[in-house]
Amino acid sequence: MANLKLSHIYKVYDNGHKAVNDFSIDIADREFIVFVGPSGCGKSTTLRMIAGLETITAGDLFIGDTLVNDMEPKDRDIAMVFQSYALYPHMSVYENMAFGLRNRKMPEAEIKERVMKAAKMLDIVDYLDRKPKQMSGGQRQRVALGRALVRDPKVFLLDEPLSNLDAKLRATMRAEITALHKSLNTTFIYVTHDQVEAMTMGTRIVVMKLGYVQQIDTPMNLYNSPYNIFVAGFIGTPQMNFFDVTLNRYGDKVGVEFSNGDSIDIPYEALSKIDKAYLTGEVPVVFGIRPEHIEISTDGDGLKFIVTGVERLGNETIIYGKLGEVRGEFTMKDEGNSIVVKLIDRDDLAVGDVVYARPKLSKLHFFDKKTEITLIQKIPPYNTIDAQICDGTLKVLGAEVSLPEALGKAAGNIGEAQLIVPPQAIVKGDEFRLKVARIEKADDKNLAYLKDGDHYLFALVDNGVSEGDDYGFSILYDKITVKAGEQVLASPIGDEVSLEGRFSKKERKENGERVLHFYYNIEGYTIEADKENGYKINSIDKDRCYDYTYRYAVDRDRIRTVTDSEDGLDVKILEKLDYGAVCYANVQADDGQTFLIKIDRDYAGDTVRIAFDGSDVSVYSTRIDMKLC
Ligand code: ADP
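Residues numbered from 1 in each chain as written. Predicted model: local features only at pLDDT ≥ 70, side-chain atom pairs only at ≥ 80, totals over all residues. Heavy atoms only, no water.

J.: So what about the packing of aromatic side chains? Which residues, and what values?
T.: On inspection of all chains with the given rule, the structure shows 26 aromatic pairs. Ring plane angle 55° and centroid distance 6.5 Å describe the contact between Tyr-456 and Phe-458, whose orientation is recorded as tilted. On the accessibility criterion, Tyr-456 (12% relative accessible area) is buried. For the ring pair Phe-518 and Tyr-535, a centre distance of 5.1 Å and an interplane angle of 75° mean the geometry is edge-to-face. Of this pair, Phe-518 sits in strand β32 (residues 513–522) while Tyr-535 sits in helix α10 (residues 531–541); the two residues are 17 residues apart in sequence, bridging distant segments of the chain. (Phe/Tyr/Trp six-rings, centres within 6.5 Å; stacked < 30°, edge-to-face > 60°. Buried < 20%, exposed > 50% of the residue type's maximum accessible area, 1.4 Å probe, protein only. Helix = DSSP H or I, 4+ residues; strand = E, 2+ residues; numbered from the N terminus.)

Rendered as structure tokens:
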């Protein structure tokens, strides 16, 4: 029994190949976690790092409360089951299962008790005297499971344990492993490339692609709310259908317009979380619909297509088709217009039939064509708001307010503009007022739909706010983007400052002992690093760490201005940026690097000395995109 924590884990192989990038997850005790993704996406590498069979390049791995990065595999109290079974061919099943326990010098009576208990659970009591080669694949895999089981580990790691078995046996073993997990009450981490295994076994699934985590969620959330096109296409068989479309709003409807000229109408309310910038008919969007969420009709309503293939699987029938190029007269387009439909208990379609597909309106998916990310998120990432900017005045949301000086300067007299405002940048205040149309729980937050004319503005509000309220709010102007068409006039200011610098060590004598100290060096300013982080950088980059340049990220709020008598980095103030609620200075260090710090609006000098603590610094490599600590 144990919980695990993976925090910003990376794996870079000796040949420079980056197999795992910034993998973070908290795994609760007794979860059944599945890592799934196509071959080569980094699943096994991650599992092997947890097992201790592969070193962790950067990041922290905790089992329970213990940091185990450098702990030997045998001390981690985990058991691993491999695809290849890895049984000793010359030993009997009993000996195979007992072997690890003997190595630990466990008394023979206890070994026997454990082996018998595991053999009973796995139904292999009758085979204990056999050699592995006298057993079937499924039985061998049971022995491999048994060998893990007898160790009574805190965590079970399973690497594609069923891929050598035939389909029927795989299905049986899936159920058995799930039952085993339930009866053992132990944490399981299971690697597979098979999405059916992942969906049927996992309490949560980590979907990976090319070394990056795509989404971590429960099976049903992955199925219902895939974060991007990759996850949407990976989970579910047959695969989700994807079509290039544009979305065009008129009144209370949105037309989904296909490239062949067909379109379907959807009530706007169902798509109100899609930012209005996508509803102009001009932005390329990918529409996704699962085969099982399409109804077929012959009455002329829906997307016209010709049936090109029919697969009858008994209770369900899979229909393959091509969308028509032109409405009315039917011609088949060569590519990109395929459609797959899964029908239950219906068997009246034949190749050559021309029919109509009607997507179920509650099951639609839309993705940005470029980023491939879903357009419908629990908490919309931003709102696009139309505004007028003239001479430092902002006309927006039915109010006229003066723009903070920094934005006034950036936007000048631009006239028509768009504000891109994340919900987090809308805070209780008195600049604007809108009616709360609806409140929805999103994760542990309250998402308010604020009625702005014929669409909604999304904000996160306190518990006290209710539907029907007139909600007074302000905008955090330093957290928004101001655009005029494609031209970006102002960008949001992030929470971190990035500084480049070097790394050094000093050996000092303390109480007669030599003690190592590590330092971040930024243009003459020396900050003592947390010892643990110093050792991490040292162990990742070895002796070259003293020649490399690092990127030091510090929370902007943790940077303080100090007096001349204190240690610090002297910077020149190039410009002050007044954003109303907060004031920034664009500053430059002697080595030329510039960055923004928060500063007191009344600060009069043209230089300032800043300082921060080593414990507030995150360190990134500048050679490879990787967080070191
Ligand atoms: P998966 O288990 O998802 O199929 P792996 O974790 O085995 O993927 O591998 C991830 C990537 O790392 C692959 O591109 C693979 O070729 C590469 N890789 C695996 N082991 C090594 C190694 N020892 N040296 C270099 N590259 C490796």
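So that's the structure; there's more coming.
J.: Summarise the packing of helix α2 (residues 93–103) against helix α4 (residues 137–149); cite the residues concerned and give the values.
T.: Packed helices, taken two at a time, are described by the angle between their axes plus the distance between the axes. One can describe the packing of α2 onto α4 by two numbers: an axis separation of 8 Å at closest approach and a directional angle of 30°. Taken together, the axes of α2 and α4 are roughly parallel relative to one another. Handedness of the crossing formed by α2 with α4: right-handed. Between α2 and α4, the contacting residues are Val-93, Asn-96 and Met-97 on the first element and Val-143, Gly-146 and Arg-147 on the second. Across the contact of α2 with α4, the residue classes break down as three nonpolar, two polar and one charged. (Axes fitted to C-alpha atoms, helices over the stretch in contact; angles between N-to-C directions. Parallel < 35°, antiparallel > 145°, perpendicular 65-115°, else oblique. Left-handed = near helix turned anticlockwise from the far one by under 90°. Contact = heavy atoms within 4.5 Å. Nonpolar A, V, L, I, M, F, W, Y, C, P; charged D, E, K, R; others polar.)

J.: Please set out the nonpolar core residue by residue, giving values where relevant.
T.: The biggest cluster of nonpolar side chains holds 47 residues, and the ones touching the most others in it are Met-97 and Ile-177. Excluding residues that lie within four positions of it along the chain, Met-97 makes contacts with Val-115, Ala-118, Ala-119, Ile-124, Leu-128, Val-143, Gly-146, Arg-147 and Val-150. Grouped together as the second largest cluster of nonpolar side chains are 41 residues, Leu-499, Phe-518, Val-608 and Met-626 included. (Core = buried A, V, L, I, M, F, W, Y, C linked by side-chain atoms within 4.5 Å.)

J.: Please give an account of the sheet that holds strand β11 (residues 241–250) that cites residues and values.
T.: The strand order β13-β12-β11-β14-β20 describes an open sheet built from five strands, whose pairing is antiparallel. A strand with exactly one partner marks an edge of an open sheet, and here the two such strands are β13 (263–267) and β20 (365–368). Averaged over all neighbouring strand pairs, the angle between strand axes comes to 40°, with direction disregarded. In terms of strand pairing, β11 meets strand β12 (residues 253–258) through six bridges, oriented antiparallel. (Pairing = 2+ DSSP bridges.)

J.: I'd like to hear about the domain arrangement of the protein, residue by residue, with values.
T.: Once the domains are mapped, the protein shows domain 1 (4–233), domain 2 (241–368), domain 3 (383–490) and domain 4 (496–627). Inter-centroid distance (C-alpha atoms) of domain 1 to domain 3 is 48 Å. (Domains from an automatic or database assignment.)

J.: Tell me about the pattern of salt bridges, residues and numbers included.
T.: Across all of its chains, the model carries 35 salt bridges by this definition. A salt bridge links Glu-54 to Arg-48; the shortest N-O distance between them is 3.5 Å. The class for Glu-54 is buried, based on a relative accessible area of 18%. When its relative accessible area of 28% is taken as the criterion, Arg-48 is described as partly exposed. (Salt bridge = Lys/Arg side-chain N within 4 Å of Asp/Glu carboxyl O.)

J.: Break down the site of the ligand for me, with residues and values.
T.: Every residue near the ligand is listed here: Tyr-13, Asn-15, His-17, Ala-19, Pro-38, Ser-39, Gly-40, Cys-41, Gly-42, Lys-43, Ser-44 and Thr-45. Between the ligand and the protein, one listed contact pairs an oxygen atom with a side-chain N or O atom of His-17 at 3.2 Å. Within the backbone of Gly-42, an N or O atom sits 3.0 Å from an oxygen atom of the ligand. Relative to its unbound accessible surface of 560 Å², the ligand loses 63% to contact with the protein. Looking at the shell around the ligand, the element that brings in the most residues is helix α1 (residues 43–51), giving three residues. (Near = heavy atom within 4 Å. Polar contact = N/O pair within 3.5 Å; in protein donor to acceptor, adjacent residues only side chain to side chain. Areas by Shrake-Rupley, 256 points an atom, 1.4 Å probe, with all protein chains shown as cover.)

J.: Please give an account of the pairing of strand β37 (residues 583–589) that cites residues and values.
T.: A regular strand places its side chains so that they alternate between the two faces of the sheet. Taken across its seven residues, β37 has six buried, putting it largely inside the fold. Here strand β36 (residues 569–578) folds back onto β37 in antiparallel fashion, the turn holding four residues, of which Gly-580 has a positive phi close to 85°. Two elements, β37 and strand β38 (residues 594–598), share five bridges in a ladder whose sense is antiparallel. Following the sheet pairing, Val-587 is matched in β38 by Phe-595. The turn joining β37 and β38, which pair antiparallel and follow one another in sequence, is formed by four residues; a positive phi near 100° is taken by Gly-592.

J.: Hey, could you go over the environment of Gly-52 for me, with residue numbers and the actual values?
T.: Tracing the sequence through the fold places Gly-52 in the loop between α1 and β4 (58–63). Excluding residues within four positions of it along the chain, Gly-52 makes contact with Pro-73 and Arg-76.

J.: For α1, give the residues involved together with the corresponding values.
T.: The buried fraction of α1 is high, at seven of nine residues. Of all the positions in α1, only Lys-43, Thr-45, Thr-46, Leu-47, Met-49, Ile-50 and Ala-51 are classed as buried. Phi turns positive, to about 90°, at Gly-52, one or two residues after α1.

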